[in-house]
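# Coordinate inspection notes
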Amino acid sequence: MLNISLAGLIGAIAGTFVAGVIFHLGIGPLDRWMRARAQPTDAQDSSEEMMSLVRRLVLAADLLLFAGLGYWIGSSVWG
């Protein structure tokens, strides 16, 4: 059976919140950088799909990193 501590769960929730804030603050500059770097061509749909994929990957990595870090900090500090 998997034992999840309450402190770790609270830390993971806090880490998820931090990941959302960091994603919200960081996705704007990343989006602007990607748009400036994109070549104006007929394949605009391909470019938009790639940007959407990058946004989702950044969000997933953010959530995994900060939720895991929050769980670890919560478990080690409070319980």
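One can find the structure itself at the top, above this paragraph.
The following refers to the structure shown. (Residues numbered from 1 in each chain as written. Predicted model: local features only at pLDDT ≥ 70, side-chain atom pairs only at ≥ 80, totals over all residues. Heavy atoms only, no water.)

What follows covers the overall build of the protein. Within the protein, the regular secondary structure consists of 2 helices and 0 strands. A compact globule built from 79 residues should have a C-alpha radius of gyration of about 12 Å, whereas the protein, at 17 Å, is more than 25% larger. In terms of principal-axis extent, the alpha carbons of the protein reach across some 55 × 25 × 10 Å. Taking all 79 residues of the protein together, the buried fraction comes to 22%. (Helix = DSSP H or I, 4+ residues; strand = E, 2+ residues; numbered from the N terminus. Rg over C-alpha atoms; globule rule 2.2 N^0.38 Å. Buried < 20%, exposed > 50% of the residue type's maximum accessible area, 1.4 Å probe, protein only.)

Next up on the list: the pattern of salt bridges. By the definition in use, this model includes 3 salt bridges. In this structure, D31 and R55 form a salt bridge, with 3.1 Å as the shortest nitrogen-oxygen distance. Of this pair, D31 sits in helix 1 (residues 6-37) while R55 sits in helix 2 (residues 44-78), and the two are 24 residues apart along the sequence. Between E48 and R35 there is a salt bridge; the shortest N-O distance is 3.2 Å. Pair noted here: E48 is in helix 2 and R35 is in helix 1, with a separation of 13 residues, a long-range link. Looking at E48, the relative accessible area reads 31%, which means it is partly exposed. What emerges from the salt-bridge pattern is a single network uniting D31, R35, E48 and R55. (Salt bridge = Lys/Arg side-chain N within 4 Å of Asp/Glu carboxyl O.)

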